[in-house]
Protein chains: 2
Amino acid sequence: MKIAIDLNGGDRAPEEILKGCLEFLKNHPREKLILCTTKNEPDNLFDLNHPQITVEYFTHAVGMKETPAKSKKEKPDNTIEGTLRLVKNRKADCAFSCGNSGAIILNSVDVLGLKDPNTHPSLISFIPLYNRPPLAVFDVGALGNYVFNAELYFAVLHETVDIYTKLYGVKEPEIKLLNIGTESWKGTAEHKNIYRMMSDSLYNFTGNIEGDELLFTDASVIVTDGLTGNIVLKLLESFNVLLQNFRNFKDCKFDNNYLNFLIEDFNYETIGGAPLTGVNGKVVIGHGKSSSKAVRSALELCVKYAEI
Amino acid sequence: MKIAIDLNGGDRAPEEILKGCLEFLKNHPREKLILCTTKNEPDNLFDLNHPQITVEYFTHAVGMKETPAKSKKEKPDNTIEGTLRLVKNRKADCAFSCGNSGAIILNSVDVLGLKDPNTHPSLISFIPLYNRPPLAVFDVGALGNYVFNAELYFAVLHETVDIYTKLYGVKEPEIKLLNIGTESWKGTAEHKNIYRMMSDSLYNFTGNIEGDELLFTDASVIVTDGLTGNIVLKLLESFNVLLQNFRNFKDCKFDNNYLNFLIEDFNYETIGGAPLTGVNGKVVIGHGKSSSKAVRSALELCVKYAEI
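Quick summary incoming for the structure in this document.

What counts, and at which threshold
- Residues numbered from 1 in each chain as written.
- Chains lettered and ligands numbered in written order.
- Predicted model: local features only at pLDDT ≥ 70, side-chain atom pairs only at ≥ 80, totals over all residues.
- Heavy atoms only, no water.
- Contact = heavy atoms within 4.5 Å.
- Buried area = accessible area lost by both parts, 1.4 Å probe.
- Salt bridge = Lys/Arg side-chain N within 4 Å of Asp/Glu carboxyl O.
- Helix = DSSP H or I, 4+ residues; strand = E, 2+ residues; numbered from the N terminus.
- Nonpolar A, V, L, I, M, F, W, Y, C, P; charged D, E, K, R; others polar.
- Least-squares fit on C-alpha atoms with pLDDT ≥ 70 in both.
- Axes fitted to C-alpha atoms, helices over the stretch in contact; angles between N-to-C directions.
- Left-handed = near helix turned anticlockwise from the far one by under 90°.
- Expected span 1.5 Å × (residues − 1).
- Bend = angle between axes of the 7 residues up to and from the residue.
- Polar contact = N/O pair within 3.5 Å; in protein donor to acceptor, adjacent residues only side chain to side chain.
- Phe/Tyr/Trp six-rings, centres within 6.5 Å; stacked < 30°, edge-to-face > 60°.
- Buried < 20%, exposed > 50% of the residue type's maximum accessible area, 1.4 Å probe, protein only.
- Lys NZ or Arg CZ within 6 Å of the ring centre and 35° of its normal.

**What about the interface of chain B and chain A?**
Part 1 of the reasoning: Taken residue by residue, the interface counts 56 residues in chain B and 55 residues in chain A.
Part 2 of the reasoning: Of the roughly 4700 Å² buried between chain B and chain A, counting both surfaces, carbon and sulfur atoms make up 71%.
Part 3 of the reasoning: The tally of links from chain B across to chain A stands at six salt bridges.
Part 4 of the reasoning: The residue Lys65 of chain A makes a salt bridge to Glu183 of chain B at a minimum N-O spacing of 3.8 Å.
Part 5 of the reasoning: Secondary structure elements with two or more residues in the side of chain B that touches chain A: α6 (189-201), α7 (226-247) and α8 (257-265) of chain B.
Part 6 of the reasoning: For the side of chain B that touches chain A, the leading source of residues is α7 of chain B, giving 16 residues.
Part 7 of the reasoning: Along the lines of polarity and charge, the residues of the side of chain B that touches chain A split into 28 nonpolar, 15 polar and 13 charged.

**Some thoughts on the relation of the copies chain B and chain A**
Part 1 of the reasoning: Here chain B sits on chain A after a turn of 180° about the axis and a move of 0.0 Å along it, with an RMSD of 0.0 Å. What the superposition gives is, in effect, a two-fold axis relating one chain to the other.
Part 2 of the reasoning: Of the interface residues in chain B, 98% have counterparts in chain A that sit at the interface too, so the contact is made through matching surfaces.

**Structural notes on the packing of helix α5 (residues 150-168) of chain B against α6 of chain B**
Residues and elements named next belong to chain B.
Part 1 of the reasoning: Two elements in contact, α5 and α6, have axes whose closest approach is 9 Å; the angle formed by their N-to-C orientations is 35°. Considering how the two elements wind past one another, α5 and α6 form a crossing that is right-handed. Facing α5, whose interface residues are Ala150, Glu151, Tyr153, Phe154 and Leu157, α6 presents Glu190, Asn193, Ile194, Met197, Met198 and Ser201.
Part 2 of the reasoning: Of the residues contributing to the contact of α5 with α6, the split by class is seven nonpolar, two polar and two charged.

**A word on helix α5 (residues 150-168) of chain A**
Residues and elements named next belong to chain A.
Part 1 of the reasoning: In a regular helix each residue adds 1.5 Å, so 19 residues correspond to 27 Å; α5 covers 26 Å between its end C-alpha atoms and thus fits that length.
Part 2 of the reasoning: By the largest-angle criterion, Val156 marks the main kink of α5, which is about 35°.
Part 3 of the reasoning: Among the residues of α5, the N-terminal cap falls to Asn149, whose side-chain oxygen and the backbone nitrogen of Glu151 are separated by 2.9 Å.

**Description of the packing of aromatic side chains**
Part 1 of the reasoning: Within this structure, the stated rule accounts for twelve aromatic pairs over all chains.
Part 2 of the reasoning: Ring geometry for Phe126 of chain A versus Tyr168 of chain A: centroids 5.3 Å apart, planes at 75°, classification edge-to-face. Note that Phe126 of chain A is positioned in strand β5 (residues 122-129) and Tyr168 of chain A in helix α5, a separation of 42 residues in sequence.
Part 3 of the reasoning: Residue Phe126 of chain A is classed as buried on the basis of its relative accessible area, which comes to 5%.
Part 4 of the reasoning: Judged by relative accessible area, which is 19%, Tyr168 of chain A ranks as buried.
Part 5 of the reasoning: Here the aromatic rings of Tyr195 of chain B and Phe205 of chain B are separated by 5.2 Å at their centres, their planes lie at 85°, and the arrangement is edge-to-face. Of this pair, Tyr195 of chain B sits in helix α6 while Phe205 of chain B is found in strand β8 (residues 205-209), placing the two residues ten residues apart along the sequence.
Part 6 of the reasoning: The exposure class of Phe205 of chain B is buried, given its relative accessible area of 9%.
Part 7 of the reasoning: Grouping aromatic residues by their ring pairs yields a cluster made of Phe126, Tyr164 and Tyr168 of chain A.
Part 8 of the reasoning: Between Lys282 of chain B and the ring centre of Tyr305 of chain B, over which it is positioned, the NZ or CZ distance is 5.6 Å.

Written as structure tokens, this is what we have:
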């Protein structure tokens, strides 16, 4: 597989992204990476001459806090767009960026096009679980101006289920709606709409789930309004930060597997990326603060995703 | 103070509620409790002859899953309404129920009345923090049919800040809006509306906060749309369940205070109740699954709240 990587996206770019790429390649001798960057990067970054790496240059990098529409207008030839053009032109099988997610989505729609004008580009995020495939959370609201529209969400739900099934081998995964109660009449009008749509046509939809059951459910796919999904995902990250404190507790040896999982792997770095649905081409978005470990994990996901 | 308690509300009522009341009274020899219940309770529950307890009887108890409007119509003389009538008639200083929160809110508006027709009854929930006053989360969406209206929220925000200041002695608490990014243009139209309103008139409003900073912020009051607030609060409860696993790890002695806090007190049971704003009278709502420890904590809150 060939993965196109935005080397300039993310809070710790380009150093941490490049480090992640090199770590990934050590264990993947057959994969190829195309690093998309600007001419402004210090030369020594690319003093690599690595047989699995090629570099493509673009005029601009998009900042993490830039307004997506504005950046698109003012910086047409940027590293995010560059990765997507490589997918569009079939020079790469998947695009990956840890950059400005609004800009990635806007450029994905523009360069790759929507699969269907009635769909909605949405991000699937994965929560690592102990001894089983991760939990898919759909959507996690990457768009700044967030609106929950049940019909648009429903239109991309089948694609989400299909991606999950193929990535993790779970056939007919159980689907639940994240809500403030288990009753069908709970939540906003849009929550009730999508509940009805899912009940009517997805036999593996099993109703609402509340926040306290999220980490203990047997379900595989959780549908949320993206604003809540985004906040939930970020809150889960902070749990891991709390748990890191246990590491500093010297009298305690963590040979218990479940505790080790919570401390070491219950973390966004374990999966590292979120596939974008609804567009014609494979795009994976990384966390803005990605470490090299997160980049390495995301590239593993890119390869699996490019294969399905 | 006199606290009116709905003995029939909550998943573990009436036994656990009564147990919590008796535990509370051991340490509060001057407080009085009025237990509101139905005639159907086994007599031995009230074979108490406790000098600080009186019992009032009502015709009905409201089920946890009943539709609030329907229960109000079909069960007019119920134990929830009973606690509120005692507050209305100044026979009690605060009402407390762990029952159907929609029914508590509907009955509070009906019996006590709204402070202002332009306000919105909302629940303030408190997240326990280590070595500092808890974090107030406002709102946590107790209404089943949830709509986020920035103007209604803003109207009760001053009351929320006032309650927080008086309960925990934090003057001019810092306020933040829970959102999907720190930029002012992030979130739904209503998130942007309330952001603007708070920026314009609350000098201690310091902008958006993302999910991953929630447990680490210096702010004291977090404003959310209630649906997200509800899911976040419940998810936080499940963290504590994960942490309970550490207890079973035999080689590990938890003499570290912060770890003890996370395991023992980072839990809804530590605060136990959420004040309802916007109504003429003091009402505290408990968690449906309240244990006796949670009831005891909620009664401590009721007394403090009744005093302010």
